[in-house]
Amino acid sequence: PRSMALASAAERVAAEFEYSKEDVNRGVQAFIQQMDEGLGKKGATMSQIPTYVTAVPNGTEKGLYMAVDLGGTNFRVCSIQLHGNSTFSLTQSKVAIPKELMVAKTSHELFSFLAKQIELFLKVHHEDHYQSHAERRASYIGFGAARDEQVFSLGFTFSFPVQQYGINKGTLIRWTKGFDIGDTIGKDVCALLQKEIDALGLPVRVAALVNDTVGTLMARSYTSPGKEGTLLGAIFGTGTNGAYVEKLDKITKLKAQASEAGDIDDSTGQMIVNTEWGSFDNHMSVLPDTSYDQGLDRDSVNPGIQMFEKRVSGMFLGEILRRALIDLVNDPTVPLFSDDDSSRNDIASTTTIAPDSSLYKQWGLDTSFLSITSGDTASGLKTTRQTLDHDYGVSAPSAEDAEAVRLIAAAIGKRAARLSAVAIAAVVITTNSLETSAPDGIVDVGVDGSLVEFYPNFEEYIREALREVPQIGPQGEKRIRIGIAKDGSGVGAALIALVADRKM
Ligand code: ADP
């Protein structure tokens, strides 16, 4: 009876995370609507940011490019040789950003440090290039007069909120992730970096400001098999976001802002749009909303914001599960983690949860645990029980405990995958991609992030939901190809620098 009580309590909680076929379809309709709204005006729920990148690569691109990535704890510098056959070689270095520079008094302190790292990288990995440039400068040979073959074009991945005005122009809206340098706000971060690069006399031009989602799309489009180009790049990692190829004339807000938008290249009739879909449905018209979702949001630093992300991405899924488990632990009628069943007849097998278990602490359960337990195929869920014991202060959990945990974790993971399918389906449908490609043509989607990479069957759950959307169906689902796109901030940023060069 006690194991039956536990099982039925777990089933009840798991059922709260069911996200039905009808839910998926209502979600898709709302997603398409909110995408349209974002294309038409500033300040919509989904930002739909124009990126000024007007073409995706097809794998034949060639050349040597640089990329840098400032996104959090590290600064990454790389050079990328594109071989023109969908392959590339990449050389990179990485340094931790000194804490004091994150909160420096002036932008100069941070950006001169970044330029210095670029100089070091060139000296170590591209000495010829560096030397010849120095000689040319010394003898005043026409550097900077015309476009110089010796100058590296660089893609700058800058993962903070920016207002973008051109392919290599964008002003910082606010710092996040522990950075706080007052005089950078409102400044063009590309210009700040270029100024310090020029001060060192380096042969480097900041050619493109890159969002990591757009980098993912570009990297996938270069490396994916076939020449049709990728439609969508999507990240399911710490956060979630997507960038896709949109028709230029559908981005109506660009015309309205033409004066501040600067030059727009309309030769392809397309532009990549950064959806910022993490904020889909912030006003909660269709998103599922269990008491666990509500508690997570209430106790978060940004209640009411990033509501889609809070149900989909790695930063949050562990916390949703933790809240569900603690509810059961605290419910006197449900014996989760309190098995003192005398039939086990063994003192040592009494289950207890330590008072200082991280399960009692906000953010105390990592999303990787969802992958561990959802994929636990060992008999008696041995891996789940061991992990609960070793990492989460639950000593001697029973097989019934582990089964309850697995059931709820799997429901949360599956809901996240089905919500991810809502975003993918909306982009495929609103761009008419299944109609405009050949009847048996492929619609390519590049994905990145630990969740989609490591959560068991994440893609299969996405596909199941895609088949349930009538505009896609089993026929359409077969034509959607989903592939991992690694290294958006390296090769993806290089490709954006390349596209930017072509427009000069
Ligand atoms: P980022 O998005 O920051 O570039 P990742 O794609 O690695 O980096 O995502 C990190 C997030 O993925 C974290 O929230 C972490 O909890 C989660 N995560 C890490 N490993 C796994 C895993 N095996 N399964 C599911 N989620 C994971």
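Residues numbered from 1 in each chain as written. Predicted model: local features only at pLDDT ≥ 70, side-chain atom pairs only at ≥ 80, totals over all residues.

Q: Hey, could you run me through the domain arrangement of the protein in this one?
A: A common way to express how large an interface is: the accessible area buried when the components associate. Partitioning the protein into structural domains gives domain 1 (1-51 + 226-486) and domain 2 (54-210). Domain 1 and domain 2 are separated by 34 Å when their C-alpha centres are compared. Counting residues at the interface gives 14 residues for domain 1 and nine residues for domain 2. Mapped by element, the contributors of at least two residues to the side of domain 1 that touches domain 2 are helix 9 (258-261) and strand 11 (270-274). Considered class by class, the residues forming the side of domain 1 that touches domain 2 number four nonpolar, six polar and four charged. (Domains from an automatic or database assignment. Contact = placed C-beta atoms within 7 Å. Helix = DSSP H or I, 4+ residues; strand = E, 2+ residues; numbered from the N terminus. Nonpolar A, V, L, I, M, F, W, Y, C, P; charged D, E, K, R; others polar.)

Q: I would appreciate a short explanation of the sheet that holds strand 3 (residues 74-83) in the present structure.
A: What holds strands together in a sheet is hydrogen bonding between their backbones, with the strands either parallel or antiparallel. Spatially, the five strands line up as an open sheet ordered 4-3-2-5-8, and their pairing is mixed. Strands at the two margins of the open sheet, each flanked by one partner only, are strand 4 (88-96) and strand 8 (204-210). Averaged over all pairs of adjacent strands, the angle between strand axes in this sheet comes to 20 degrees, irrespective of strand direction. Pairing between strand 5 (residues 152-158) and strand 8: six bridges, direction parallel. Note that in strand 8 the partner of Ser-153 across the bridge is Arg-205. (Pairing = 2+ DSSP bridges. Axes fitted to C-alpha atoms, helices over the stretch in contact; angles between N-to-C directions.)

Q: Can you walk me through the sheet that holds strand 1 (residues 49-50) in this structure?
A: Across the sheet, which stays open at both edges, the six strands sit in the order 1-11-10-9-14-15 with mixed pairing between neighbours. Strands at the two margins of the open sheet, each flanked by one partner only, are strand 1 and strand 15 (480-484). As paired elements, strand 1 and strand 11 share two bridges and run antiparallel to each other. Note that in strand 11 the partner of Ile-49 across the bridge is Asn-274.

Q: Can you walk me through the pairing of strand 2 (residues 62-70) in this structure?
A: Walk down a regular strand and you will see the side chains alternate between the two sheet faces. Pairing of strand 2 with strand 3, which is carried by nine bridges, proceeds in the antiparallel orientation. Looking at the pairing, Lys-62 lines up with His-83 of strand 3.

Q: Just to check I follow, could you spell out the nonpolar core for this structure?
A: Proteins that are soluble and globular tend to have nonpolar side chains buried together. Ile-408, Ile-424, Ala-425 and Ile-496 are the most contacted members of the largest nonpolar core, which has 144 residues in total. Here this core gets 20 residues from one element, more than from any other, and that element is helix 15 (residues 399-430). Apart from residues no more than four positions distant in its own chain, Ile-496 is found in contact with Val-53, Gly-155, Ala-208, Val-210, Val-214, Gly-215 and Met-218. (Core = buried A, V, L, I, M, F, W, Y, C linked by C-beta atoms within 7 Å. Buried ≥ 20, exposed ≤ 12 C-beta atoms within 10 Å, placed from the backbone.)

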